[in-house]
Structures are given as structure tokens and as C-alpha cells.
Amino acid sequence: MSAFHWTWEWATEGCDGDAEVADTTARLALHVGPHNLMRNEDVWTRCPQDAVLASAYPLALWLASSWWRLLWEPLPADGMPFSVEWRMAHELAAAGYGFVWPQVLFATDGNQIRVWALASRPDSRQSVRYLTGLEQATSVSPDEFSREAETLITATLDRLAVRGHHRSDLRVLWDLVCADRADRKRAAYRRLEAEFGFEPDEAPEPFMERALRLLQTMGPALSEVAPAYGKGSQGPAAIEAIIRAPSLAGQPSDPRPSGSPPVSGHGSLRPWEKAVQAARGVRAALGHREGPLDDAVLYELLGIAAQDAKSWSPPAQRTKAALAEPLGGGRYRLVPRRGHPTSRRFDLARLFSDYLWTEGTGSSWLASSDLGTARQQYQKAFAAELLCPIDALTAFLEDDYSDVAIDEAAGHFGVSPMAVNALLANNNILVRGVGGDCGHRNALYPV
């Protein structure tokens, strides 16, 4: 059986509500690895139960209606709150219909579907209290996630048919989803809508026309930028403005020995673990394992002229992404995001890491943003380790983690104090804030 799966047992008693709701009453559970996220106790018996008595109909309806956004829309960019609309598409509680659902959230990181879960508060006064949470987010493959969701949806439709309900809202909606999935062009369109935060057919036609042109130009890199801008009317236009912004001419090169393993893909290592390995490999190839990394070395990695880098100015309007356009022959037009020397160093290190992520082909667009995708997690961890190796950082600090010491370390390595704090937290040297990676967004879900 799959490590991620729904289970259900149709009940003889029916829940209150419409016929479709009552006739699909079941004892439901959601398993993620060894965890049952629907283990609960109710206010009447106070006895732990391995399944919750509810209707499968609203659950299946929510999975079908949120299908494209669950598969393709990542977490909001760092520092951005979860909007009500976003939560309706990603939080299981949005299945609604008067049932108490567990506090579970799903969002893609570009490679995997990430799953967060919180147990109910001990003082919860709801009729059902869920007992299982996840100490940290877990990952499910998109194929596994969609297969298990489809299994529950089709089982619910079969149950409805047995009970004489052949034309439900769920049937109509699922037929539309299946038709889009079967058409490669339509599926790509739905994915692009979802990445910009739209429900199917919600996006204005002019918006999608520009977005489709961008997709044709940028390819997969658009997925790393589109959600950062979202459904605002200027989304595609803002991305086009970055492409036209003042740029740096560069020709990156990988100093590691030929045959070094690619850093992208799924693999067993998490993105930040791959990033640390790659950054250490680059430093070793440069013969520069510790200590600050000079700007000149960073410019050399990217193949840009030092004078050009120093005279470059950022776009007049603040941007949410950095891009690099391939020109052929391994050459790129690079557009960092920020003009401050320290911030620009980090931007350039991230773009170089993206060059490695795309396996240094010289033919793919490079893109970085503040999204929480696997590709962006890789970039941030790579840039931090390249510019400020954790071993060198801890040696410099000598167990002094005061604000003054962290500021001095940041100046020494040419990074921001925020980057130093993040490195120390990610390596379990300092305790990160309550809520982990998502805490600043809604103080709920742990990493």
C-alpha cells in the first residue's frame, strides 16, 4: 500500500445533509507514512478512533475543485501571508459542508507535494479533536498524490452511482478535470493558470495570452517566477519588464571536475543538502575551502566583467525575481534583483547555483525568487554555503552568537546578518522562530 493513501469504509448510517452527502457517509482516514492524520476522539465517547465519521462527498469535491492548484501552486513567497483564497485551495479544512476536518495543508515545491499537519488544540471545543500532527513537513510524489486523490474521487462517484446519483456536481467537475488531463495542451494551460493562482477559466484572456508567450520564451523557469507575482493584473507585464531591464553579460562555467553528478532532480537528498554538497565541491575546485569569497572569484564563476558588475544598477522598479536569459554558446544576459553590494553578491551566487541546477547546459533560463520551491531552497542554501561556509562561520564566531558577533561575521563573509542567522538555524546551532519555515506566514505549520 502507498505511503500516502486515503482509506474509507462506507457506513450504514448517513450524515445529515443532501442525499449525495448522506449516501457517501464513511469512516475516513488519511495516512502519511506511519501517521494517520485523521486519528481522532469525539466529544461524546472521548475514545481514540482511527477514522472519522464524515461524508466523502465534500472531501472528493474539494480535491477535484482544487486539483490543479494542489499540484502546481507552491507556498506564497517568503514574507507573504496565506490569503484566504490560497488557503481554500490548499487546506483540507476548506472541504467544509459543516464537518470538522483536520488541519492539513498541501503545496508543491516543484518536485514533491509537501504535507503539513497540526493536531487539534487540547482545549478545542469542536465535536471532533484530531490527535496527530507532523513535527515537520513530509513529501509525497505528485504521481502518488494524484493517484490516491483520484482513487478516492472515483470511489465516491461509484458509491453515488450505486445510490442512484448519476449526475452530481462532483461528476460534472471530475469529467472536466479528466478531459483537461487527457489533453496535453489544456493540461499545460491549467498548470499555468494555477501557477499564477487562478482557478480554471478565472484568468482574463489577455492575461493568459501574455503568460503563454512568456512560457514559450522562458520554459520551465517561468514556474519559478509566476507564483511570486500571482494573479495581479501586471503579472506577465512585470516579468517582461525584468527581461528588458539593464543586464550583465556573462558566461558561467562549472569549476568542478568533469563528470561531477548533476545537482537537480529528485534523488534521496533534500534540496538544501544537495546545495551544500555542490557549494563545497565548487570551493574545493577553486582551492578555496574556507574564508570569505572575493567578488572577483564570484564574477569569474559567472563569466562577467568586474567593472560591469560594479557599474550595474538594478531596475528602477523593485522586482520579485532575478533572471538570466540564455543567448547561445553558454552566454547569458543576467538581471540580478538588488543593487546593494551584499545583496547583489547573494543574487549572483543564486544565479550561479541555478546554472548548476540546470546542469550548466547554457540553454535554459535561470530564475530566482523568494518562493519556497525545491529549486529556490537549493539556491539559497548554495549561496549561503558558497559565500559563508558553516564550518568557517562557526570558527569565526567562537561560540559567540550575540547580535554584535553576528554582524561582524556578516561583514567578514560579505553576507547579510539575516543570512548568518539562517545558516545557524538551518544547522541547528540557533533555535529558529516559532512556526519554522512557514511561521512568519501564519504561525501554524512547522517545516
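Residues numbered from 1 in each chain as written. Predicted model: local features only at pLDDT ≥ 70, side-chain atom pairs only at ≥ 80, totals over all residues. Heavy atoms only, no water.

A.B. asks: Account for the overall build of the chain, with residues named and values stated.
C.D. replies: Looking only at helices and strands, the chain has 19 helices and 14 strands in total. Seen through its principal axes, the chain has C-alpha atoms that stretch 75 × 50 × 40 Å. Relative to its full complement of 447 residues, the chain shows a buried share of 51%. Charged side chains of the chain number 44 positive and 55 negative; the gap between the two group centres comes to 3 Å. (Helix = DSSP H or I, 4+ residues; strand = E, 2+ residues; numbered from the N terminus. Buried < 20%, exposed > 50% of the residue type's maximum accessible area, 1.4 Å probe, protein only. Lys, Arg positive; Asp, Glu negative; His and termini not counted. Charge placed at Lys NZ, Arg CZ, Asp CG, Glu CD.)

A.B. asks: Tell me about helix 16 (residues 390-397), and please be specific about residues and values.
C.D. replies: Those residues of helix 16 that sit buried are Ile390, Ala392, Leu393 and Leu397. Mapping the buried residues of helix 16 onto a view down its axis gives an arc of 160 degrees, with all of them on the same face. Turned more than 90 degrees away from the buried face of helix 16, the exposed residues are Asp391 and Ala395. The inward-facing, buried residues of helix 16 contact helix 11 (271-286), helix 15 (374-387), helix 17 (403-413) and helix 18 (417-426). Phi turns positive one or two residues past the end of helix 16, at Glu398, with a value near 50 degrees. (Arc of directions from axis to C-beta. Contact = heavy atoms within 4.5 Å.)

A.B. asks: Account for the nonpolar core, naming residues and giving values.
C.D. replies: Core analysis: the largest hydrophobic core is formed by 51 residues, its most contacted members being Trp6, Leu28, Met38, Trp101, Phe106, Ile153 and Leu170. No other element matches the eight residues that helix 2 (residues 56-65) contributes to this core. When near neighbours in sequence (up to four residues on either side) are disregarded, Leu28 contacts Thr7, Trp8, Met38, Ala51, Val52, Ala54, Ser55, Ala56, Leu59 and Trp101. (Core = buried A, V, L, I, M, F, W, Y, C linked by side-chain atoms within 4.5 Å.)

A.B. asks: Tell me about a negative patch on the surface, and name the residues and values.
C.D. replies: Taken together, Glu398, Asp399, Asp400, Asp403, Asp407 and Glu408 make up a surface patch of like negative charges. Residue Asp403 is classed as exposed on the basis of its relative accessible area of 62%. (Patch = residues over 30% accessible without salt bridge, like charges linked within 9 Å, V, L, I, M, F, W, Y side chains within 5 Å. Areas by Shrake-Rupley, 256 points an atom, 1.4 Å probe, with all protein chains shown as cover. Salt bridge = Lys/Arg side-chain N within 4 Å of Asp/Glu carboxyl O.)

A.B. asks: Which residues make up the packing of aromatic side chains, and what values go with them?
C.D. replies: Within the structure shown, the criterion is met by 16 aromatic pairs. Seen from their ring centres, Trp67 and Trp174 are 5.1 Å apart, and the 70 degrees between their planes marks the pair as edge-to-face. With Trp67 in helix 3 (residues 67-72) and Trp174 in helix 6 (residues 169-182), the pair connects residues that are 107 residues apart, well separated along the chain. By relative accessible area, Trp67 is classed as buried at 4%. Accessibility expressed as a relative area gives 2% for Trp174, which makes it buried. For the ring pair Phe396 and Phe413, a centre distance of 6.0 Å and an interplane angle of 70 degrees mean the geometry is edge-to-face. (Phe/Tyr/Trp six-rings, centres within 6.5 Å; stacked < 30°, edge-to-face > 60°.)

A.B. asks: Give me the lowdown on the environment of Glu195, citing residues and values where you can.
C.D. replies: Within the secondary structure, Glu195 is located in helix 7 (residues 184-195). Overall, Glu195 belongs to the buried group, its relative accessible area being 5%. Ignoring anything within four residues of it in the chain, the contact list for Glu195 reads Trp72, Ser223, Ala226 and Pro227. A distance of 2.7 Å separates polar atoms of two side chains, one belonging to Glu195 and the other to Ser223. (Polar contact = N/O pair within 3.5 Å; in protein donor to acceptor, adjacent residues only side chain to side chain.)

A.B. asks: Now, about the sheet that holds strand 14 (residues 366-369): what can you tell me, with residues and values included?
C.D. replies: If you trace the four strands from one edge of the open sheet to the other, you get 11-13-12-14, paired in antiparallel fashion. Each of the sheet's edge strands pairs with one partner strand only, and the pair in question is strand 11 (248-250) and strand 14. Adjacent strand axes in the sheet meet at a mean angle of 15 degrees when their direction is disregarded. Sheet topology places strand 11 next to strand 13 (residues 331-335); three bridges connect them, and they run antiparallel. The partner of Ala249 across the bridge, within strand 13, is Arg333. Each of strand 12 (321-328) and strand 13 touches helix 10 (residues 235-244); the most contacted strand, strand 12, lies at about 55 degrees to it. (Pairing = 2+ DSSP bridges. Axes fitted to C-alpha atoms, helices over the stretch in contact; angles between N-to-C directions.)

A.B. asks: Describe the pairing of strand 13, listing the residues and the values that go with them.
C.D. replies: Both strand 12 and strand 13 contribute to a ladder of five bridges, which runs antiparallel. Each residue of the ladder has a partner; that of Ala324, found in strand 13, is Leu334.

A.B. asks: With reference to specific residues and values, describe the sheet that holds strand 9 (residues 128-130).
C.D. replies: With respect to topology, three strands assemble into an open sheet ordered 5-4-9, the strand pairing being antiparallel. The two strands at the open ends of the sheet, each matched to only one other strand, are strand 5 (48-49) and strand 9. As defined by bridge partners, strand 4 (residues 40-42) adjoins strand 9 across three bridges and the pair is classed as antiparallel. Note that in strand 9 the partner of Asp42 across the bridge is Val128.

A.B. asks: Before we move on, could you go through the packing of helix 14 (residues 341-357) against helix 15 and cite the residues and values that matter?
C.D. replies: The N-to-C vectors of helix 14 and helix 15 enclose an angle of 120 degrees; their axes lie 8 Å apart at closest approach. In terms of axis orientation, helix 14 runs oblique to helix 15. Here helix 14 and helix 15 pass one another in a crossing that is right-handed. Where helix 14 abuts helix 15, its residues Arg345, Phe346, Ala349, Arg350, Phe352, Ser353, Asp354, Leu356 and Trp357 lie against Ala374, Arg375, Gln376, Tyr378, Gln379, Lys380, Phe382, Ala383, Ala384, Leu386 and Leu387. Split into classes, the residues belonging to the contact of helix 14 with helix 15 amount to twelve nonpolar, three polar and five charged. (Parallel < 35°, antiparallel > 145°, perpendicular 65-115°, else oblique. Left-handed = near helix turned anticlockwise from the far one by under 90°. Nonpolar A, V, L, I, M, F, W, Y, C, P; charged D, E, K, R; others polar.)

A.B. asks: Before we move on, can you summarise the environment of Ala409 with the specific residues and values?
C.D. replies: With respect to the helices and strands, Ala409 occurs in helix 17. Under the relative-accessibility criterion, Ala409 is labelled buried at 0%. Sequence separation of Ala409 and Ala392 is 17 residues, and the distance between their C-alpha atoms is 9.9 Å. Not counting chain neighbours up to four residues away, the residues in contact with Ala409 comprise Leu393, Phe396 and Leu397.

A.B. asks: Tell me about helix 14, and name the residues and values.
C.D. replies: In a regular helix each residue adds 1.5 Å, so 17 residues correspond to 24 Å; helix 14 covers 24 Å between its end C-alpha atoms and thus fits that length. Counting buried positions along helix 14 gives 14 out of 17 residues, so the element sits mostly inside the fold. Backbone geometry just after helix 14 places Glu359 at a positive phi near 65 degrees. (Expected span 1.5 Å × (residues − 1).)

A.B. asks: Please give an account of the side chain of Arg114 that cites residues and values.
C.D. replies: Along the polypeptide, Arg114 turns up in strand 8 (residues 113-118). Look at Arg114: it is buried, it has no salt bridge, and the nearest opposite charge is Asp109 at 4.6 Å.

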